[in-house]
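What follows is each chain in one-letter form.
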Amino acid sequence: TNDQQKLGVALVGLGRYSEGQLGPALTETQHCYLAGVVSGSEEKRRQWQARYDLPGSNLYHYDTLEAMAGNPAIDIVYVVLPNALHAEYVIRAAKAGKHVICEKPMATSVEECRQMIHACREAGVLLSMGYRLHFDPFNKEMMRLGQDEIFGKVKRIVADDSMTIEKEEWRLDGALAGGGPLMNNGVYCVQAALFVTGELPVAIRAEFSPKTRPDLFRTVEEGIQWEMEFASGKKAICESSYSKDGNLLRVTAERGWFELDPAYEYKGLKGRTSQGPMEFPAIRQQAAQLDDFASCVKRSGASRVPGEMGMRDVEIMMAIYESARKGGERVT
Ligand code: NDP
């Protein structure tokens, strides 16, 4: 592939995120474009073929994904399936010789993450996470303000990513989701605390919220609150719930504060610091994220949101669950 050419991306799983965000983003990208799809639905394959002018040879069913190995039009496979299916499809895509992007959370166990990283290494393909906020100007500013100690040392982080779910879907099925709001939303709070501090937590304490809808939240938690301590004494107080809305990242440092509210949305983010508002032009996070990965593939460089980062976050979420299951015991 020469550097001018756009790389072909195939989306696996044509659900809400593919339909509403990734498909449209791939019409704006400079280094890649939508070349194909993998779907269990014949109707969706046809719709996507028409909408994005895809050749029939680039439409796949889950069972035929292996045939991609012989299709040079597809360079990158983007796995956008329910969480428990990420490991299987990332590994199969790697074995077909394709570079891979995996949606968050990376998988439902640390062991799966390890196997995914191993499969990509064996196949000599790059693996990256769909961590779009690393490409968002507001969140990048939070990283800079925190890590460069622009307001002095960070003391305390408050992060809340919550959304209301009121009817059945795979996110409420523990077997497919691997957990509740922690796995789905809480991963953003974990990410934020780590990218603001530039550190790893040394201790975690967590508690499940009481269930107000036990009929709906049968196999996953309805809400969870947790605290992460960092070696330097910094503390992050986090929360994720499926029975309220919340979208906050607030940081208190020695000589000021900085915050995003909303913090984790696709657009419309708002930021302020103790010195005034943050202003950045609107961008499409997913296009920036996809272009960055396509550039990594072109120059054979590792992504700044690699599989190792996805695994690190799953490790932390498993420790959060461990503490909550043990009634808030401190886990180190
Ligand atoms: P949806 O439920 O909207 O779509 C999931 C798709 O996966 C389905 O449409 C279907 O596609 C396919 N699928 C295959 N097997 C199953 C199954 N057993 N049950 C349900 N769907 C199945 O989910 P989302 O698009 O919202 O989420 C998909 C992934 O993307 C998740 O991992 C989620 O965490 C992540 N995500 C990330 C976001 C981000 O901001 N980074 C935002 C939203 C989601 P088909 O019909 O084509 O076979």
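Everything below is about the structure printed above this text.
Rules used in this analysis
- Residues numbered from 1 in each chain as written.
- Predicted model: local features only at pLDDT ≥ 70, side-chain atom pairs only at ≥ 80, totals over all residues.
- Heavy atoms only, no water.
- Near = heavy atom within 4 Å.
- Polar contact = N/O pair within 3.5 Å; in protein donor to acceptor, adjacent residues only side chain to side chain.
- Areas by Shrake-Rupley, 256 points an atom, 1.4 Å probe, with all protein chains shown as cover.
- Helix = DSSP H or I, 4+ residues; strand = E, 2+ residues; numbered from the N terminus.
- Nonpolar A, V, L, I, M, F, W, Y, C, P; charged D, E, K, R; others polar.
- Domains from an automatic or database assignment.
- Disulfide = S-S within 2.5 Å.
- Buried < 20%, exposed > 50% of the residue type's maximum accessible area, 1.4 Å probe, protein only.
- Axes fitted to C-alpha atoms, helices over the stretch in contact; angles between N-to-C directions.
- Parallel < 35°, antiparallel > 145°, perpendicular 65-115°, else oblique.
- Left-handed = near helix turned anticlockwise from the far one by under 90°.
- Contact = heavy atoms within 4.5 Å.
- Core = buried A, V, L, I, M, F, W, Y, C linked by side-chain atoms within 4.5 Å.

1. Remarks on the site of the ligand
Here comes step 1: In the vicinity of the ligand there are 25 residues, among which Ser 39, Lys 44, Tyr 62, Lys 104 and Arg 132 approach most closely.
Here comes step 2: Measuring from an oxygen atom of the ligand, one finds a backbone N or O atom of Gly 40 at 2.9 Å.
Here comes step 3: Here an oxygen atom of the ligand and a side-chain polar atom of His 86 are 2.9 Å apart.
Here comes step 4: Considering the ligand on its own, with 890 Å² of exposed area, one finds that the protein chains cover 82% of that surface.
Here comes step 5: Contributions of two or more residues to the shell around the ligand are made by helix H1 (16–25) and helix H7 (181–197).
Here comes step 6: Tallied by class, the residues present in the shell around the ligand amount to 11 nonpolar, 8 polar and 6 charged.
Here comes step 7: There are two domains that each give the shell around the ligand at least three residues, and those are domain 1 (7–132 + 287–301) and domain 2 (137–280 + 314–325).

2. With respect to the state of the cysteines
Here comes step 1: For the structure shown, the criterion picks out 0 disulfides.
Here comes step 2: With no disulfide of its own, Cys 189 lies 5.3 Å from the sulfur of Cys 238, the closest cysteine sulfur.
Here comes step 3: Take Cys 238: its relative accessible area is 2%, and that puts it in the buried class.

3. A look at the packing of H7 against helix H9 (residues 307–325)
Here comes step 1: Where H7 meets H9, the axes come as close as 10 Å, and the angle between the chain directions of the two elements is 110°. One way to sum up the angle between H7 and H9 is to call them roughly perpendicular. For the element pair H7 and H9, the recorded crossing hand is right-handed. Of the residues in H9, those touching H7 at Leu 182, Met 183, Val 187, Val 190, Gln 191 and Leu 194 are Met 309, Arg 312, Asp 313, Ile 316, Met 317, Met 318, Ile 320 and Tyr 321.
Here comes step 2: Counted by class, the contact of H7 with H9 contains 11 nonpolar, 1 polar and 2 charged residues.

4. Observations regarding the environment of Arg 218
Here comes step 1: Among the secondary structure elements, Arg 218 is positioned in the loop between strand S8 (201–208) and strand S9 (223–230).
Here comes step 2: The exposure class assigned to Arg 218 is exposed, which follows from its relative accessible area of 55%.
Here comes step 3: C-alpha separation for the pair Arg 218 and Met 317, spaced 99 residues apart in sequence, amounts to 20 Å.
Here comes step 4: Leave out the neighbours within four places in its chain, and Arg 218 touches Glu 168 and Lys 211.
Here comes step 5: One polar contact links Arg 218 to Glu 168, side chain to side chain, over a distance of 3.1 Å.

5. Notes on the nonpolar core
Here comes step 1: Ranked by internal contacts, the top residues of the largest apolar core, which has 80 residues, are Met 106, Trp 226, Met 228, Leu 249 and Phe 258.
Here comes step 2: The greatest single-element share of this core, amounting to 11 residues, is contributed by H7.
Here comes step 3: The residues that make up this core include at least three from each of domain 1 (7–132 + 287–301) and domain 2 (137–280 + 314–325).
Here comes step 4: In contact with Trp 226, not counting residues within four places along its chain, are Leu 182, Gly 186, Cys 189, Val 190, Arg 205, Ala 206, Ala 236, Ile 237, Cys 238, Glu 239, Ser 240 and Ile 320.
Here comes step 5: Counting residues in each nonpolar core, the second largest holds 25 residues, with Tyr 17, Ala 25, Val 80 and Ala 287 among its members.

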